[in-house]
Amino acid sequence: KAAGGAAAGEEAGEAEQGGEAGDAAAGACEEASRLYVAACATLQRVLRCCSAADGEVAAMADGGLGGPEGTPADTMAFSQADGSEQQGGLSYVAADDGSAVSAKCLVRLVLNWKHLRYDLRHDGAAEAHEEALSAARRALPVGTAARWDVDKSATPAGQKYWELPAHKWEIDQAAKGRVGEVGSRLLFEGRGGEDQLVEHLMGEAAEEQGGWTYKHDEGSDLRQLFGLLLHEQIFDEAVPDAFFAPSQGAPLDLHTPDFYARRKEGIDARLAQIAAAAPTALAELVRRAFDAHYGKSSAFVRWGEVRIAHCVQLQIVAVCFGGRALAGILLHLAATGVFAGMPDNTMVRAVRPDGVRVSGMEVQRDGSASTNLKWELVECADGPTAARVPLRQTGLLECAEGAAALADGTPLELRSERNRFGVGGYSMAVHLAATGARCGYVGNDDFHAVRAGEARAALADGKWAVDALAAKKWTIAIEDDWTLRGALVEVKSKNDSLWTEQKLWIRSLTDRLFLRYPNPYLFNEDGSPTVDISTAKVAPKRRGKRKAVDPAAASSSSRPRGGKARAAKPAG
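First things first, this report covers the structure right here in the doc. All values reported here derive from a predicted model rather than from experimental measurement. Note on numbering: residues in each chain are counted from 1, in written sequence order. The predicted nature of this model means local features are confined to residues of pLDDT at least 70 and side-chain atom pairs, given and counted, to a pLDDT of 80 or more, with totals for whole chains, interfaces and linings taken over all residues. Excluded from the side-chain calculations are hydrogens and water; all other atoms, namely the structure's heavy atoms, are used.

Topic: the pairing of strand β13 (residues 411-423)
Here is step 1: In this description, strands pair whenever DSSP reports at least two bridges between them. Secondary structure elements are defined from DSSP: runs of H or I of at least 4 residues count as helices, runs of E of at least 2 residues count as strands, and each element is numbered from the N terminus. Examined bridge by bridge, β13 and strand β16 (residues 450-460) share four bridges and lie antiparallel to one another. Within the sheet, the bridge partner assigned to P411 lies in β16 and is R456.
Here is step 2: The pairing of β13 with strand β14 (residues 426-432) spans eight bridges and is classified as antiparallel. The residue of β14 that forms the bridge with R415 is A429.
Here is step 3: Here β13 hands over to β14 after two residues, with G424 in that stretch at a positive phi of 65°.

Right under this line is the structure:
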C-alpha cells in the first residue's frame, strides 16, 4: 500500500521508478502468501499427527514432520503466552496426548488464514478461513484461552470482541528504572524509598488508603484452598485412569472437561457446604482440611515451613472472600481447568463491630489494643493431647551415647534448638531427661506434631519412637458479625496489557452471560458479581505529588505515612 500510494503521487518522470517499487511489493506479497500457505499445510499435518493412531504417527515420523517430502530435521514452533517459543519435532506431538498441541495449531491456523484472507488477499483464503474457524470452534471448548483467541480473531474489523471494564485503581507514578535490560520489568519508588515492582506499589497504596492487606501471589492462596477444601474429590481413587503413581500431585484429567464431570456429585456437595458456611464455620473447614492433608503430595499446595502461619493465612483469605464467593471461584477452577492468569494481588480487609480494623496475615497472639490489630489466635479445644512420632538420627556421633542408654519407657525431654537443617532454622532434639545427653531428633516432617517438654521412649516393632505432648492446635479469632471483604486486582504498568487467560478470569467473574456452565455462586440474583475483581493501572498522568486512593474508602482515608501522597483514584 505504501509503495502504491507513493507511485501514484510521484511526478510523471518518476513513474517508472514507482512502478518498480510496486512490482517489488507485489513480489514480496506473493512470497509471503507462499510461506503462509506452506505453514498452514504443516499445521494440518501436525493436527493429523495429534489425532492419528500410533502406526500412522510412526509412518509420519519416518518421513519427517513435513510428510513424505519432509526431512527428519524439520521442526515446529508454538508461541507461548509470555512471548517465548516452544520448539520440537514430531516426537513432541507423539509424547503429548495431542490436546495442547492441537489447540495451538488450530489457533495458529485460523490466524494464518485470516492474514491470507484480509491482508494478503490470497485466492481461496476466505473459504479456507471459514473452514478453519468452524473446525476450531468444534474442537475447542468455550471458556478456554484457545477458544477466546479463535473467537476474537473472527470479530469483524472495527469492532471489539470484549471491552475491558474501566480500571478501578489508577496510580499516578512514573517508573524509575528496570529490573534488568530493556524489556524487563519496571521498578517504582516505594513508600520507604526502596525499589518496588508494580504489584507492590499498588498493594502499598491499598494498605495506606483502604485498610487492605495485600499479597502478591498470582492467585496462589485461592489455588491452595482449591487443593485443600476439595482434596477428597480431586484425589478420588474411584475415578478410573486418573492416577498411576502413589506420589502423583494431580489427576491426569485435571485440565479437561472430564475432571468436573467425573466428580460432579462430590464437588457440588462440598461446594454447597462451603457456600453455606458462616465465617467461623469456614475457618474451621480450612483448619480441618489443612490438618488432615498436611504434607501430602499436592500440585496445588506449597506446604510452608511455619505450619501455623500457613494455615492462618489460608483461613484469613477464605473468611474474607466468604463462603459463596470462594465456592464460585473453586467451581470455576474445577469446571474450566483455567489455573493460569489469576490476578496479581489477593487483598483482604476485616473490621470488627466496634470499628477496629484487623489486618495482616502474620501470626500474633497478644491482644493489645490498637486500631490495626494482627489476627489473634485461639487454641482449639479438639486438639489431641499426646502424639507418637519416630525417633530419628540415633546413629549420629553426637547421639550415640544417649541412644545406647535408651530403654522402653525411658524419660526424655524434647527441646527446640537452632539447626540449619531443621524447619525454619529449628529442630526438635530429643535428650535423656536424667543426663541431658542427646539421643536423636524428631524428623522435620513430624516437627509440628509435637511440642517441647516431657516425653518417653517407646520401642515398637523393633524401632524407637517418642511419646510426647501433642502440639497445640490454633485457629484464627473470628466472629460471624465482622465486616469481611476480599478482592482480586490485576495490576498493569503504562504499556502493559492483559493476556488471554487474565481476560478470561475478569470476564468470567464479571459477565454472567459469558459463563457457559452453571455456577450458582459467582453472581447474585440481581446479576451483580459476588467476587470483587478489578484492574489497576500505574502510569504518570500529571506533574506534582502522586497520590493513590481506594475508591471505596476515599471519604474515610487518612494521609499516608512518609510525607509522600500516592493515591489511586477511580477512572473518570
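Once you've had a look at it, read on.
Details of the packing of aromatic side chains
Here is step 1: To pair, rings of Phe, Tyr and Trp, with the six-membered ring standing in for Trp, must have centres within 6.5 Å; the planes then decide the type, stacked if under 30 degrees apart, edge-to-face if over 60, and tilted in the middle. By the definition in use, this model includes 12 aromatic pairs.
Here is step 2: Ring geometry for F290 versus Y294: centroids 5.5 Å apart, planes at 40°, classification tilted.
Here is step 3: Between W375 and W482 the ring centres are 5.6 Å apart and the planes differ by 40°, which places this aromatic pair in the tilted class. With a gap of 107 residues between them, W375 in the loop between β10 (372-373) and β11 (377-379) and W482 in the loop between β18 (474-476) and β19 (483-493) connect regions that are remote in the sequence. When sorted by exposure, W375 lands in the same class as W482, which is buried.
Here is step 4: A network of ring pairs unites the aromatic residues W148, Y161, W162 and F514 as a single cluster. A simple rule labels every residue: compare its accessible area, found with a 1.4 Å probe on the protein chains alone, to the largest value its type can have, and call it buried under 20%, exposed over 50%, or partly exposed in between.

Quick notes on the packing of helix α15 (residues 323-336) against helix α17 (residues 500-510)
Here is step 1: For helices, the fitted axis covers only the stretch in contact; all axes are lines through C-alpha atoms, and the angles between them, taken along N-to-C directions, range from 0 to 180 degrees. Contact geometry of α15 with α17 gives a least axis separation of 12 Å together with a crossing angle of 130°. By the criterion of interaxial angle, the relationship of α15 to α17 is oblique. For α15 against α17, the interelement crossing comes out right-handed. Residues I329, H332 and L333 of α15 form the contact with α17, whose participating residues are W505, S508 and L509.
Here is step 2: Think of it as three bins: nonpolar holds Ala, Val, Leu, Ile, Met, Phe, Trp, Tyr, Cys and Pro, charged holds Asp, Glu, Lys and Arg, and polar takes everything else, Gly as well. Looking at the contact of α15 with α17 residue by residue, the classes come out as four nonpolar, two polar and no charged. The labels follow the angle: roughly parallel below 35 degrees, roughly antiparallel above 145, roughly perpendicular from 65 to 115, and oblique for the rest. The handedness criterion is simple: a crossing whose near helix is rotated anticlockwise from the far helix by less than a right angle is left-handed, and one whose near helix is rotated clockwise is right-handed. The criterion used for residue contact is that any of the two residues' heavy atoms lie within 4.5 Å.

Some details on the environment of A437
Here is step 1: Structurally, A437 can be placed in the loop between β14 and β15 (438-442).
Here is step 2: Classification of A437 as buried rests on a relative accessible area of 19%.
Here is step 3: Apart from residues no more than four positions distant in its own chain, A437 is found in contact with G402, V430, H431 and L432.

What to know about α17
Here is step 1: Most of α17 is tucked away, with 10 of its 11 residues classed as buried.
Here is step 2: Of all the positions in α17, only T500, E501, Q502, K503, L504, W505, I506, R507, S508 and L509 are classed as buried.
Here is step 3: Elements that come into contact with the buried residues of α17 comprise α7 (145-153), α15, β19 and β20 (532-538).

The quantities given are spatial measurements derived from coordinates; they are silent on function.
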